[in-house]
Amino acid sequence: MKILQVGAEIFPLLKTGGLADVLGALPQALLVEGADVRLLLPGMPAILDGLDKSQVVCEIGAVFGAARVTLRKGVLSCSGVEAYVIDAPYLYRRPGSPYQAANGQEWPDNAQRFALLGWVAAHLAAGELDPAWLPDMVHAHDWHAAMACAYVSTNPASSVGSVFTVHNLAYQGLFEPGDFPLFGLPSRYMMPTSLEFHGQVSFMKAGLKYANRVTTVSPTYAAEIATAEFGCGLDGVIRARGREVSGILNGVDGAIWDPATDAYIPARYSAGSAKTMAGKARCKAALQKALGLTLDAKAPVFGVVSRLTSQKGLDLVLAVVPELLAMGAQLAVQGSGDHTLEAAFTAAAEAHPGRIAVRLGYDEAFAHTMIAGADAMLVPSRFEPCGLTQLYALRYGTVPVVRHVGGLADTVVDAGDAAPGAAGAPGATGFKFGPMLPNALAGAMERAVQVFRQPERWAQLQQNAMAQNFSWGTAAKQYMQLYQSILSGAKAV
Ligand code: ADP
Ligand code: GLC
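Every chain's residues receive numbers from 1 upward, in the order its sequence appears when written. To label them, take the chains in the order written and letter them from A, then take the ligands in the order written and number them from 1. Where local features are concerned, this predicted model is filtered to residues with pLDDT of at least 70; where side-chain atom pairs are given and counted, the filter is 80 or more; whole-chain, interface and lining totals use all residues. Excluding hydrogens and water, the side-chain figures rest on all heavy atoms present in the structure.

Enquirer: Could you give an account of the overall build of the chain, naming the residues involved and the relevant values?
Expert: Numbering of helices and strands runs from the N terminus; a helix is a DSSP stretch of H or I covering at least four residues, while a strand is a stretch of E covering at least two. In terms of regular secondary structure, the chain is built from 18 helices and 18 strands. A globule of 493 residues ought to have a C-alpha radius of gyration of about 23 Å, and the chain, at 23 Å, matches this closely. Over its C-alpha atoms, taken along the principal directions, the chain stretches across nearly 65 × 45 × 45 Å. Expressed as a percentage of its 493 residues, the buried residues of the chain come to 58%. In the chain, once contacts between residues fewer than 6 apart in sequence are set aside, the share between residues at least 24 apart is 70%. Accessible surface, the chain as shown: approximately 18,600 Å² in total, 55% of it carbon and sulfur. By the counting rule applied here, Lys and Arg register as positive and Asp and Glu as negative, while His and the ends of each chain are not counted. Every charge is mapped onto a representative atom, which is NZ of Lys, CZ of Arg, CG of Asp or CD of Glu. On the chain, the mean spot of the 37 positive side-chain charges and the mean spot of the 40 negative ones are 4 Å from each other. Two things to know: the radius of gyration comes from C-alpha atoms, and the globule rule equals 2.2 Å times the number of residues to the power 0.38. Each residue's exposure class comes from its accessible area (1.4 Å probe, protein chains only) as a fraction of the maximum for that residue type: buried when under 20%, exposed when over 50%, partly exposed otherwise. Note on contacts: a residue pair is in contact if any heavy atoms of the two residues lie within 4.5 Å. Methods summary: accessible areas were calculated by the Shrake-Rupley approach with a probe of 1.4 Å, and residue burial reflects only the protein chains presented.

Enquirer: So what's going on with the site of ligand 2? Which residues, and what values?
Expert: One heavy atom suffices: a residue is near a molecule or strand as soon as one of its heavy atoms comes within 4 Å of it. In the vicinity of ligand 2, 14 residues are found, and the nearest of them are His167, Asn250, Glu384, Cys386 and Gly387. For the purposes of these results, a polar contact is taken to be a pair of N or O atoms within 3.5 Å, where, inside protein, one atom must be able to donate a hydrogen and its partner to accept one; residues adjacent in sequence count only when each atom of the pair is a side-chain atom. Here an oxygen atom of ligand 2 sits 2.7 Å away from a polar atom, N or O, in the side chain of His167. Gly387 has a polar backbone atom sitting 2.8 Å from an oxygen atom of ligand 2. When ligand 2 sits alone it has 310 Å² of accessible area, and the protein chains cover 93% of it. By residue number, the principal contributor to the shell around ligand 2 is helix H1 (residues 18–32), which donates three residues. A class-by-class count of the residues in the shell around ligand 2 yields six nonpolar, six polar and two charged. What marks off one domain from the next here is an automatic or database domain assignment. No fewer than three residues from each of domain 1 (2–251 + 472–487) and domain 2 (278–466) sit in the shell around ligand 2. Classes in brief: Ala, Val, Leu, Ile, Met, Phe, Trp, Tyr, Cys and Pro nonpolar; Asp, Glu, Lys and Arg charged; the others, Gly included, polar.

Enquirer: Can you tell me about the domain arrangement of the chain, naming the residues and giving the values?
Expert: For the chain, the assigned domains read domain 1 (2–251 + 472–487) and domain 2 (278–466). Using C-alpha coordinates to define each centre, domain 1 is positioned 33 Å away from domain 2. Contacts between domain 1 and domain 2 engage 19 residues on the former and 19 residues on the latter. Buried area: the sum, over both parts, of the accessible surface (1.4 Å probe) that disappears when the two are put together. Buried surface at the junction of domain 1 and domain 2, both sides included, amounts to about 1,400 Å², of which 58% is carbon and sulfur. Any carboxyl oxygen of Asp or Glu within 4 Å of a side-chain nitrogen of Lys or Arg constitutes a salt bridge here. Linking domain 1 with domain 2 are one salt bridge, by the criterion used here. The salt bridge involving Glu364 is made with Lys15; its shortest N-O contact spans 3.3 Å. The interface formed by domain 1 and domain 2 contains nine residue pairs in polar contact (both at pLDDT 80 or more). Breaking the side of domain 1 that touches domain 2 down by element, the ones donating at least two residues are H1 and helix H7 (219–224). The element that contributes the greatest number of residues to the side of domain 1 that touches domain 2 is H7, accounting for four residues.

Set out below in structure tokens:
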């Protein structure tokens, strides 16, 4: 089966969040399953630089406001996966984030930039750009790639199947109705039954309406987005797809996230015994030292590695600082994003030196140091399609304290009663809380600290966490089944 994976970012070349990790790992896992996988990516400088053996496949010419668009093909130096890259300097030769200028503003021509990505996918699938390789399946990720599904649907002669994966329904790719003629689609696509969304053009709807199947990155999020609470105004569209919407959990790339081999962390360790775990204490001490926290093995360190946005619920963490201090705990935060949150965390760190430390900015290597060095990771999200940091934490024996929502609900097993002598839940891996309230988070942290102070129970929790296996192999098998069922014309069950 020939599969074209389409997305806007890819680890390690260009990353703003978990989407890049998924596009970095899923293609390789599908190759292991025997699929013939290629990627289609926009030619941002970091992506073009990461393409080896780059050859011109086709001079596309002047489209979407660019005078020169060229389709290149090569091999990603980081993974060896074959990739098509759209070389369109006028649209893509911009440093930094694929979506925004350095001042945080969305690029004003994102409509053209990402319509082009979907348009090239559909024309590749139609055999117009590289007749030597015709995909059976186009798999588009998030709104950036979603127009692929609409463009594929305009070609009645095409037999290519399509899957659209929602990594985050909150980012929808909405554009002014006046932009619609730029897309070269028939006018019926500007109807409420199609791409129109409250008067705007919605790229997200292109995926939700036209893909053969829609997936999300966890089963719980698939159910949640069919409700008004989590549906971001699109819950009706999602409910209308019925069983054609399903959830497939993300995995962890063990080549990158493994405490036994991780070159970014100061000491390596693995599950098993106190001896094999000894490196974790060294990682904790190194983290405390690096951040200027008081060097204290007995103080539980709560870590946060996150985009600082409302989604991540970190305002709750700020609200529980007094409780955290009263518990004798420390807080280590690495994040970037919302300036108000950045300022609030900075102020908290200044007010409590040695107890709270914050590193603003994006630092891939230090994320490993944080996840290995913390005792517990806080992920108090308002919504979370899957969440990868709690999966990485589990693998590093760093106990997740999470809100019971989305992929967090699917991947963490609550330890139950933390009182000394209590049996605790068998197979527990972390702590969960429900209401989006500071005292609910504080309660889960308090339970975590109580178990932390019972070293045998904590060690058991760590072993349970490290025994979890959220593998890309499992996810890839599920995607293969989904692709096969589409190609065989099976109804969703
Ligand atoms: P999201 O994609 O919503 O941001 P995920 O948990 O799926 O959330 O993925 C976040 C990814 O980004 C993880 O790989 C995490 O380690 C990384 N990350 C987030 N913030 C930072 C940061 N400030 N520095 C380094 N890595 C970060
Ligand atoms: C999105 C979601 C996150 C998910 C990631 C990868 O960024 O916010 O929950 O893990 O995509 O699928």
